[in-house]
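# Residue-level structure breakdown
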Amino acid sequence: MAAGVRTTCPGAGRRASHLTRTAVLWLLASLFPVVRPQVVLVNDTISGFIGTNVVLHCSFTNPQPSVKITQVTWQKATNGSKTNVAIFNPTMGTSILPPYVDRVAFRNPSFRDGTIELSRLELDDEGVYICEFATFPSGNRESQLNLTVLAKPTNSMESGPSPIIATPGVARKIVVATCTSANGKPASTITWETTLKGEPEYEEIKNGNGTTTVISRYRLVPSREAHRQTLTCAINYQLDRFTKTTTLNVHYEPEVSIEGFDGNWYLKRSDVKLTCKSDANPPATSFRWRMINGTIPENVEIQNTTLFFKGPVTYSLAGTYECEVANAIGTRSWLVEVNVTEFPFIPTPTGQQDTTTVPAIPMAIIGGVVGGVVLVLVVAVVLFVVLRRRHHTFKGDYNTKKHIYGNGYSKAGVPQHPPMSQSLQYPEDSDDEKKLGQLTSSYEEEDEGGRKLGPKYDDESKRPYLTMDEGDTQEYTDDRTLSFQYDPEQIDMVDNMVSQNDGSFISKKEWYV
């Protein structure tokens, strides 16, 4: 390496500096021992109820032999200023200042302990307290704590007016109970436990001494349903719970009903009666029976709230009966319509029934239902037959109809066949061989005696389908009946034909297609 040239290693200076600081700190620690701080320890917060005692802890930690404690002082901070409460001086002893005289005392006064006890707490005792240690030559050391004074409330419940009057037709809500939690600190909470359909209202009153009074009133509309219902007030304060229950006494007008008529009063039935039932508070004072648009039958005996019908039931018992009941609050009545039948109603057994009451169904209604069902079935059968016959009506060509005509005299007493037209008309699209030949002769054939036998045809093929053989003889009997000889083919054709409403015939084969 050339002379006069210096080289440096990066980071070497930093490492040297770190080692130097470490050595210095070690040297100082060995020469001067660690001095722990001197602290005044107190409770952060403390609370107590009015009239009880509380202990305010205060201690001085890590006193040094060279430090001398000259005095311990308790103070109360009020509106930014400090007021002495108690003083301990190792030389002069203890001193308690008004208004804490006879209520504050040091428990074990020493250079390390400045704890005091405050007796018979008052609301004015609440505030910030300071514990101060005066030392020489270090100066004063202090800490502060918060004292909270609690006040247990006075709880009570008062019932509303008794009795509570349910005025008919009036739906005004009234106070039926009041719950109060007075002079509590902090304030209480009030709840109501009931099945009544009312509503509570709340009021809070701030007292001058820092306490609070809570009042809750429960309102409802008096009614028969509210009678004998319970109402419970629950007051919750801190961990305490206060409850009180009252039972409502509601006066209301009578609720009336009539029992005894079961809908089955029939002739000659015996031992029937009607009883007037009343639910009233106070109890009913009078019952009055009467019959609407009539008078109560003579064979009826009235005993208190019951009508006893002596003897067998007759039609004279039928009518509308009314029972009127009154008490100090009002008057109410009830009606029952009594019907008398000739025969008793006996319900049809339906096997085992459940416990639910099912009203009896009159036999007339049952018969009407059954008759209606039968009528529906009959109509359905008739419609089926009609539709069935329509389904089997003729579906072939009506041009194939065969017209069968007679040409003789009918038997006496039997209507003759209408006279055959000399010119028969057929549809143009009919087969030629099926058309009747036109009558071309303008005269009638006569026998030897001069009697007319019928029209004479020039062409035998144009005779009607049913004709009398020309070679056959005609003989007349006494009853004026003309005998005919028919062709066997024509007789067979008639047997296989079906008569139609218009006088024509069609074959059975085409009828049943």
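Residues numbered from 1 in each chain as written. Predicted model: local features only at pLDDT ≥ 70, side-chain atom pairs only at ≥ 80, totals over all residues. Heavy atoms only, no water.

### Structural notes on the sheet that holds strand E24 (residues 300–303)
What counts, and what does not: What makes two strands pair is DSSP finding at least two bridges between them. Numbering of helices and strands runs from the N terminus, with a helix taken as a DSSP run of H or I at least four residues long and a strand as a DSSP run of E at least two residues long.
Taking strand neighbours across the sheet as the criterion, the five strands line up as E13-E20-E22-E25-E24 in an open arrangement whose pairing is mixed. Looking at the sheet topology across the chains shown, the edges are occupied by strand E13 (164–165) and E24. Bridge count between strand E22 (residues 272–281) and strand E25 (residues 306–309): four bridges; the pairing is antiparallel. In the strand pairing of E25, Lys273 is matched with Phe308.

### Description of the pattern of salt bridges
Our working definition: Definition used for salt bridges: Asp or Glu carboxyl oxygen within 4 Å of a side-chain nitrogen of Lys or Arg.
By the definition in use, this model includes 15 salt bridges. Between Glu324 and Arg288 there is a salt bridge, with the nearest N and O atoms lying 3.3 Å from each other. Of this pair, Glu324 sits in strand E26 (residues 319–326) while Arg288 is found in strand E23 (residues 286–291), placing the two residues 36 residues apart along the sequence.

### Side note on the side chain of Thr211
Heads up, the rule is: Under the scheme applied here, a residue whose accessible area is under 20% of the maximum for its type counts as buried, over 50% as exposed, and between as partly exposed, the area being computed with a 1.4 Å probe on protein chains only. In the analysis that follows, any N or O atom pair within 3.5 Å is treated as a polar contact, provided that within protein one partner can donate a hydrogen and the other can accept it, and provided that, for residues neighboring in sequence, both atoms belong to side chains. Here, two residues are considered to be in contact whenever any of their heavy atoms come within 4.5 Å of each other.
Turning to its location among the elements, Thr211 is positioned in the loop between strand E16 (199–206) and strand E17 (212–220). For Thr211, a relative accessible area of 2% corresponds to the buried category. Within the structure, Thr211 has its side chain in polar contact with the side chain of Asn209 (distance 2.7 Å). Ignoring anything within four residues of it in the chain, the contact list for Thr211 reads Leu123, Ala151, Asn183, Gly184, Lys185, Ile205 and Lys206.

### Description of the state of the cysteines
How we decide: By convention in this document, the label disulfide applies to cysteine sulfur atom pairs within 2.5 Å.
Per the stated rule, a full pass over the model turns up three disulfides. Across the disulfide from Cys276 sits Cys323; the S-S distance is 2.0 Å. Residues Cys276 and Cys323 are joined by a disulfide whose S-S torsion is about -95°; by sign, that bridge is left-handed. You can see Cys276 sitting in strand E22 and its partner Cys323 sitting in strand E26, a full 47 residues away along the chain. What connects to what in the protein, once the bonded cysteines are numbered by sequence position, is 1-2, 3-4, 5-6.

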